Protein chains: 2
Amino acid sequence: MSPVRRLLVRDLASVVSPARTRAPLRGVALREAEVIERAFVLCEEGRIAALGPMDALGAIAGEVEEVDGRGLSAIPGLVDCHTHACFAGDRVHEFALRAAGASYEELHAAGGGILATVRATRAAGEEGLAAALERHRRWMLQAGTTTFEAKSGYGLDRDTELAQLRAVARAGGVPTWLGAHAVPPEHADADAYLDFLLAEVLPEAASLAEAADVFLERGAFDVAQARRYLEACREAGLALRLHGDQFTEAGAVPLAVELGARSVDHLEVTGASGVALLAASDVTAVLLPASALFLGRPMPPARALVDAGAAVALATDFNPGSAFCESLPLVMSLACTQLRLTPEEALAACTVNAAHVLGRADRKGRIARGYDADLVLLAAEDWRHVAYHLAGPVVETVIRGGEVAWSRSA
Amino acid sequence: MSPVRRLLVRDLASVVSPARTRAPLRGVALREAEVIERAFVLCEEGRIAALGPMDALGAIAGEVEEVDGRGLSAIPGLVDCHTHACFAGDRVHEFALRAAGASYEELHAAGGGILATVRATRAAGEEGLAAALERHRRWMLQAGTTTFEAKSGYGLDRDTELAQLRAVARAGGVPTWLGAHAVPPEHADADAYLDFLLAEVLPEAASLAEAADVFLERGAFDVAQARRYLEACREAGLALRLHGDQFTEAGAVPLAVELGARSVDHLEVTGASGVALLAASDVTAVLLPASALFLGRPMPPARALVDAGAAVALATDFNPGSAFCESLPLVMSLACTQLRLTPEEALAACTVNAAHVLGRADRKGRIARGYDADLVLLAAEDWRHVAYHLAGPVVETVIRGGEVAWSRSA
């Protein structure tokens with residue numbers, strides 16, 4: 001019998017976790033983080049076995065590895081519920097063109113944009129793709145992300161779409177099938193491409209992915225096409241998500257509510273009726289402020305959504321074109337400075353609510369007994385430095401499944 | 001005789017430096033970076049002795065330490081020409097209040113703001129202050145900053161102002177005397193405080209600092225007060241700088257031009273006439289987009305300034321209240337996404353032009369023979385990742401004075 005794997009993080013200045021309300025958190029529950037000062041967290045077999053103030057720490061039988069938490073604070077491992085991290089190459093050239101004045105849609109129309117990454121990703125081969133994803137996963141881990149979702153959508157052919165989903169699963173991520181990301185040049189139009197996707201790719205994609213996603217936008221897929229794609233995916237057992245209201249209000253929010261989607265993501269241009277619709281629904285609004293910043297676009301109406309009672313999550317949108325950014329701490333900084341969310345709201349939005357979007361809120365996104373032992377130790381006694389220290393070296397140590405997965409000083 | 005200290009950085013994917021035009025760079029010269037591909041840089045006795053393509057690298061006599069530059073690109077060590085890095089404590093509590101809706105000016109009026117940091121800095125003692133500055137200096141170094149300016153202005157009494165200037169000099173920074181930052185409570189009003197500053201602090205401050213700075217703003221110092229302070233400082237041999245047009249156009253730009261100041265900094269609300277005045281002057285416009293982001297304020301008119309022919313520099317404004325951010329790479333990202341500067345313009349603005357503001361453009365801010373051997377090695381073959389990889393781990397190794405001062409993998 002192998003010994004019990006135990007890790008004790010002791011003498012933490014504070015341990016902070018979202019309110020113990022049922023996920024997804026909404027309204028005032030979003031800002032009611034629970035704080036324990038001078039605290040410990042005991043991990044056992046990858047789960048959190050106990051936590052509390054140091055003076056409640058009793059004797060521990062058997063061997064235990066210790067981490068000195070003095071001067072540090074602990075928050076739940078961050079959950080990035082919207083990334084496109086499985087890509088090859090980069091688009092730094094487009095970044096420079098955009099800085100010099102070109103718009104995202106102009107670049108896309110000129111043959112850049114998503115299809116440029118599709119070419120690089122198809123050319124990378126499965127091993128090249130896995131190597132790129134591993135590099136991106138390491139970046140995410142160093143930024144405190146212990147659970148990540150990643151979408152396909154840079155293959156747009158059968159083999160590469162499936163290769164993306166396999167690569168994400170092998171890297172420990174949550175795979176989302178985004179076959180309907182863009183129409184590749186070998187298909188006549190969006191409808192013909194959907195015929196192909198649903199007949200040739202969906203059957204196997206459904207066995208690899210947990211959810212399906214679609215880019216509902218002018219120039220990509222319209223409401224009727226998105227409905228057709230998503231209904232077929234739901235039929236095949238996938239949870240549903242949508243990219244919506246990034247550039248135009250093209251009907252993503254009503255469709256998300258109609259279909260009972262897990263989430264609708266982006267929402268930079270969502271107006272009052274969309275906000276009201278989401279607030280009255282079970283659909284989580286996933287906001288991506290790093291993407292809005294990167295493109296110089298308006299920020300999503302986060303304050304209005306929260307105040308109306310919508311469930312809100314935050315994510316990076318990490319991708320090579322519109323958000324070359326894997327940092328949820330940066331997203332939290334933007335949430336507090338651009339979206340007018342409080343640090344507590346930002347924390348809940350990229351932990352427990354993000355875990356809810358991924359169907360994992362029962363074991364991810366909180367520091368609580370029985371949850372997965374995923375923790376971020378921050379290099380500050382006040383955990384709010386994670387948002388306050390803009391682009392700073394605030395993540396000190398990352399614990400995943402009860403083991404130290406990365407440490408700045410290592 | 002001790003051996004010659006030599007460091008060879010070899011096999012770099014590229015070496016990039018601003019155009020070899022006389023500093024400060026303006027107009028098209030700002031976007032004309034010089035790039036050498038497959039390159040080396042040889043450092044000798046703290047200076048750059050040679051650089052060029054690898055096939056021009058001859059035999060090197062004597063001992064030489066080597067750094068493997070494969071997969072990396074090199075840019076000049078970054079120069080942060082506007083920081084308030086010499087402070088104790090933090091203001092994370094205010095950050096949270098502001099996220100919940102309070103304005104910067106409201107927090108200041110309520111006894112928070114600058115005076116909160118003054119209390120912490122006075123209480124820290126000279127050793128405590130030095131320790132805090134050392135921590136901040138390490139953060140800056142890890143972000144690629146090899147030369148930094150830091151201001152006093154959190155003492156506002158004789159002993160603490162002078163202690164700040166000494167601490168900055170001892171930490172290797174460029175000290176700026178910002179006695180006229182705010183009026184401390186022990187003085188009746190701004191005029192009485194200036195009487196004190198000029199009689200009791202200036203004589204010794206002038207021997208410790210290189211420049212003087214003033215916060216010309218509603219609620220701080222007006223034009224007449226700023227003129228009085230700056231003229232006395234100029235008389236005492238200090239270069240002149242101003243905080244201006246952050247919240248209101250209160251006359252800082254005309255005063256800067258009138259007095260021949262090195263720089264006027266902030267400019268978030270500068271209008272067309274201020275832009276024209278700066279473009280026709282020798283005053284450098286120092287832009288601080290991280291501060292504008294942090295406060296949710298408008299961005300300065302960078303594009304208009306550059307297009308009009310003004311000399312523009314970028315800096316962090318690193319301070320605990322309005323920009324808890326020491327990262328010039330983040331500032332470059334904001335420059336490209338929010339200020340519509342190209343990566344080349346952003347690079348020149350926080351290297352050679354920033355060095356000009358600090359009176360060091362003859363030896364800092366370029367990778368060129370005879371310049372100080374300050375280099376940042378970036379973890380990407382294309383140097384533009386420094387701006388493109390938003391808040392990412394892009395700084396791989398920092399070389400200062402011909403020695404490796406920090407390395408991610410060390």
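Along every chain, residues carry numbers that run from 1 in the direction the sequence is written. Following the order in which they are written, the chains are lettered starting with A and the ligands numbered starting with 1. pLDDT decides what is reported in this predicted model: residues at 70 or higher carry local features, side-chain atom pairs at 80 or more are listed and counted, and totals for whole chains, interfaces and linings draw on all residues regardless. To obtain the side-chain values, all non-hydrogen atoms of the structure were included, while hydrogens and water were left out.

(A) Inspection of the overall build of chain A at higher detail. For the purposes of this entry, the term helix denotes a DSSP run of H or I that reaches at least four residues, the term strand denotes a run of E that reaches at least two, and both are numbered from the N terminus. If you tally the helices and strands in chain A, you get 14 helices and 16 strands. In terms of C-alpha radius of gyration, chain A reaches 21 Å, essentially the compact-globule figure of 22 Å for 410 residues. Principal axes of the C-alpha set define a box for chain A whose edges measure 70 × 45 × 45 Å. Relative to its full complement of 410 residues, chain A shows a buried share of 62%. When we talk radius of gyration, it's over C-alpha atoms, and the globule rule is simply 2.2 Å times the number of residues to the 0.38. A 1.4 Å probe rolled over the protein chains alone gives each residue an accessible area, and that area as a share of the maximum for its type sets the label: buried under 20%, exposed over 50%, partly exposed in between.

(B) Layout of the nonpolar core. What is meant by a nonpolar core is a set of buried Ala, Val, Leu, Ile, Met, Phe, Trp, Tyr and Cys residues, joined one to another through side-chain atoms within 4.5 Å. Ranked by size, the top nonpolar core spans 239 residues in total, and within it Tyr229(A), Trp177(B) and Tyr229(B) carry the most contacts. It is helix 5 (residues 190–208) of chain B that contributes the most residues to this core, ten residues altogether. Ignoring sequence-local partners within four residues, the contact set of Tyr229(A) consists of Trp177(A), Leu178(A), Gly179(A), Ala180(A), Leu194(A), Leu197(A), Leu198(A), Ala212(A), Asp213(A) and Val214(A). Contacts are assigned to residue pairs with any non-hydrogen atoms lying within 4.5 Å of each other.

(C) Representation of the sheet that holds strand 13 (residues 312–314) of chain A in the model. Residues and elements named next belong to chain A. Strand order in the open sheet formed by eight strands is 6-7-8-9-10-11-12-13, and the pairing between neighbours is parallel. Looking at which strands have only one partner, the edges of the open sheet turn out to be strand 6 (78–80) and strand 13. Each adjacent strand pair in this sheet contributes to an overall mean axis angle of 25 degrees, direction not counted. Each of strand 6, strand 7 (145–151) and strand 13 touches helix 11 (residues 328–337); the most contacted strand, strand 6, lies at about 90 degrees to it. Think of it this way: DSSP has to see at least two bridges between two strands before they count as a pair. Throughout, an axis means a line fitted to C-alpha atoms (over the contacting stretch in the case of helices), and angles, computed between N-to-C directions, take values from 0 to 180 degrees.

(D) Representation of the side chain of His136(A) in the model. All names here are of chain A. Position of His 136 relative to the elements: it lies in helix 3 (residues 114–142). His 136 sits in the buried class, given a relative accessible area of 2%. Contacts of His 136, omitting those with residues within four sequence positions, involve Ala 85, Phe 87 and Phe 318.

(E) Highlighting the domain arrangement of chain A. Residues and elements named next belong to chain A. Under the domain assignment, chain A is made up of domain 1 (6–77 + 365–407) and domain 2 (89–326). Throughout the structure description, domain borders are defined by an automatic or database domain assignment. On a C-alpha basis, the centres of domain 1 and domain 2 stand 31 Å from each other. Buried area: the accessible surface (1.4 Å probe) lost by two parts on joining, summed over both. Overall, the association of domain 1 and domain 2 removes approximately 1,200 Å² of surface from exposure, summing both partners, and the carbon and sulfur fraction of that is 52%. The salt bridge definition used is simple: a Lys or Arg side-chain nitrogen within 4 Å of an Asp or Glu carboxyl oxygen. Summed over the shared surface of domain 1 and domain 2, the number is one salt bridge. A salt bridge links Arg 26 to Asp 282, with the nearest nitrogen and oxygen atoms 3.7 Å apart. Here a polar contact is recorded for every N or O atom pair within 3.5 Å, except that within protein the pair must consist of a potential hydrogen donor and a potential acceptor, and residues adjacent in sequence are included only if both atoms are side-chain atoms. For the pair domain 1 and domain 2, the interface holds three residue pairs in polar contact (both at pLDDT 80 or more). Of all the secondary structure elements, the ones that give two or more residues to the side of domain 1 that touches domain 2 are strand 15 (395–400) and strand 16 (403–407). Per-element accounting of the side of domain 1 that touches domain 2 gives the leading share, four residues, to strand 15. Gly falls in the polar group here, along with every residue not listed as nonpolar (Ala, Val, Leu, Ile, Met, Phe, Trp, Tyr, Cys, Pro) or charged (Asp, Glu, Lys, Arg). Of the residues that constitute the side of domain 1 that touches domain 2, the class distribution is nine nonpolar, two polar and four charged.

(F) Looking closely at the side chain of His389(A). You can see His389(A) is positioned in the loop between helix 14 (385–388) and strand 15. Engagement of the side chain of His389(A) in a polar contact is seen with the side chain of Glu326(B), the distance being 2.7 Å.

(G) Examining the packing of helix 6 (residues 223–235) of chain B against helix 7 (residues 252–259) of chain B more closely. Residues and elements named next belong to chain B. Contact geometry for helix 6 and helix 7: axes closest at 11 Å, N-to-C directions at 25 degrees. One element, helix 6, and the other, helix 7, form an angle in the roughly parallel class. Where helix 6 crosses over helix 7, the two elements pack in a sense that is right-handed. In this structure, helix 6 uses Val 223, Ala 226, Arg 227, Leu 230, Glu 231 and Arg 234 to contact helix 7, whose residues at the interface are Leu 255, Glu 258 and Leu 259. Considered class by class, the residues forming the contact of helix 6 with helix 7 number five nonpolar, no polar and four charged. Roughly parallel refers to an angle under 35 degrees, roughly antiparallel to one over 145, roughly perpendicular to one between 65 and 115, and oblique to any angle outside these ranges. The sense of a crossing depends on the near helix, which, turned anticlockwise from the far helix by less than a right angle, makes the crossing left-handed and, turned clockwise, makes it right-handed.

(H) The arrangement of the interface of chain A and chain B in detail. Chain A puts 41 residues into the contact, and the matching count from chain B is 41 residues. At the boundary of chain A with chain B, total buried surface from both sides reaches about 3,600 Å², with 65% on carbon and sulfur atoms. Between chain A and chain B we count zero salt bridges in total. Taken together, the connections running from chain A to chain B amount to 14 residue pairs in polar contact (both at pLDDT 80 or more). Counting residues per element, the side of chain A that touches chain B draws most heavily on helix 1 (residues 92–99) of chain A, at six residues. Considering only residue class, the side of chain A that touches chain B consists of 23 nonpolar, ten polar and eight charged.

(I) Quick peek at the relation of the copies chain A and chain B. To superpose the copies, least squares is applied to the C-alpha atoms of every residue with a pLDDT of at least 70 in both. The operation relating chain A to chain B is a screw motion whose rotation component is 180 degrees, with 0.0 Å of axial translation and a residual RMSD of 0.0 Å. On the angle and the small slide along the axis, the relation comes out as a two-fold axis. Nearest to the rotation axis, the C-alpha of Ala391(A) is located 2.6 Å from it, this being the minimum over chain A. Comparing interface residues between copies, 100% of those in chain A also sit at the interface in chain B, which points to an isologous, same-surface contact.

(J) Here's a closer look at the layout of surface pockets. Of the voids in this model, the largest pocket is the one considered here, and its volume is about 470 Å³. The pocket and cavity definitions rest on a 1 Å grid over protein atoms only: a 1.4 Å probe that fits but cannot leave marks a cavity, an open set with protein on both sides within 12 Å along at least five of seven lines marks a pocket, and residues lining either have an atom within 4 Å of a point. If you go around the largest pocket, you meet 23 residues; those closest to its centre are Pro393(A), Arg408(A), Ser409(A), Gln142(B) and Trp406(B). Listed by contribution, the elements that provide at least two residues to the lining of the largest pocket are helix 3 and strand 16 of chain A together with helix 3 (114–142) and strand 16 (403–407) of chain B. A per-element tally of the lining of the largest pocket places helix 3 of chain B first, with four residues. Considered class by class, the residues forming the lining of the largest pocket number nine nonpolar, eight polar and six charged. Grid points are joined across faces, edges and corners, and a volume is the space filled by probe spheres set on the points.

(K) Local environment of the confidence of the model for chain A. Values of pLDDT, which run from 0 to 100, indicate the predictor's confidence residue by residue. Considering every residue of chain A, the mean pLDDT works out to 96; 99% of them sit at 70 or more. Within chain A, helix 2 (residues 104–109) of chain A has the poorest average pLDDT of any element, 74, and strand 6 of chain A the best, 99.

(L) Spatial organisation of the sheet that holds strand 11 (residues 263–266) of chain B. Residue and element names in this part refer to chain B. A sheet is described by the order of its strands in space; here eight strands give the open sequence 6-7-8-9-10-11-12-13, paired in parallel fashion. Only two strands of the sheet have a single partner each, and these edge strands are strand 6 (78–80) and strand 13 (312–314). Along the sheet, successive strands turn relative to each other by an average axial angle of 25 degrees, direction set aside. Pairing between strand 10 (residues 239–244) and strand 11: four bridges, direction parallel. Counterpart to Arg 241 in the pairing with strand 11 is Ser 263.

(M) Broad picture of helix 3 of chain B. Residue and element names in this part refer to chain B. An expected span of 1.5 Å times one less than the residue number is assigned to each helix. For helix 3, which comprises 29 residues, the first-to-last C-alpha distance of 26 Å sits more than 12% below the rise-based estimate of 42 Å (1.5 Å per residue). Maximal helix bending in helix 3 amounts to about 115 degrees, located at Gly 125. Considered for burial, the residues of helix 3 that qualify are Ile 114, Thr 117, Val 118, Thr 121, Leu 129, Ala 132, Leu 133, His 136, Trp 139, Met 140, Leu 141 and Gln 142. Phi turns positive, to about 100 degrees, at Gly 144, one or two residues after helix 3. Bend is the name given here to the angle between axes fitted to two runs of seven residues, the run ending at a residue and the run starting at it.

(N) Here's a closer look at the pattern of salt bridges. The tally for this structure, following the rule as stated, stands at 62 salt bridges over all chains. In this structure, the salt-bridge partner of Asp11(B) is Arg10(B), at a minimum N-O distance of 3.1 Å. With a relative accessible area of 18%, Asp11(B) lands in the buried category. One salt-bridge network, in which partners are shared between bridges, spans Arg47(A), Arg363(A), Lys364(A), Asp372(A) and Asp374(A).

(O) Fine view of the pairing of strand 14 (residues 375–378) of chain A. All names here are of chain A. On strand 14, burial covers both faces: Leu 375 and Leu 377 on one face and Val 376 and Leu 378 on the other are all buried. Where strand 5 (residues 73–76) and strand 14 come together, four bridges link them in antiparallel fashion. Paired with Pro 76 across the strands is Leu 375, a residue of strand 14. Two strands pair when backbone bridges link them, and strand 14 and strand 15 are joined in this way by four bridges, in the antiparallel orientation. By the bridge assignment for strand 15, Leu 377 is matched with Thr 397.

(P) Just the environment of Ala302(A), in detail. Residues and elements named next belong to chain A. Relative to the assigned elements, Ala 302 resides in helix 10 (residues 302–308). Accessibility expressed as a relative area gives 1% for Ala 302, which makes it buried. Distance in space between the C-alpha atoms of Ala 302 and Ala 49 is 35 Å, their sequence separation being 253 residues. Leave out the neighbours within four places in its chain, and Ala 302 touches Leu 287, Leu 339 and Leu 341.

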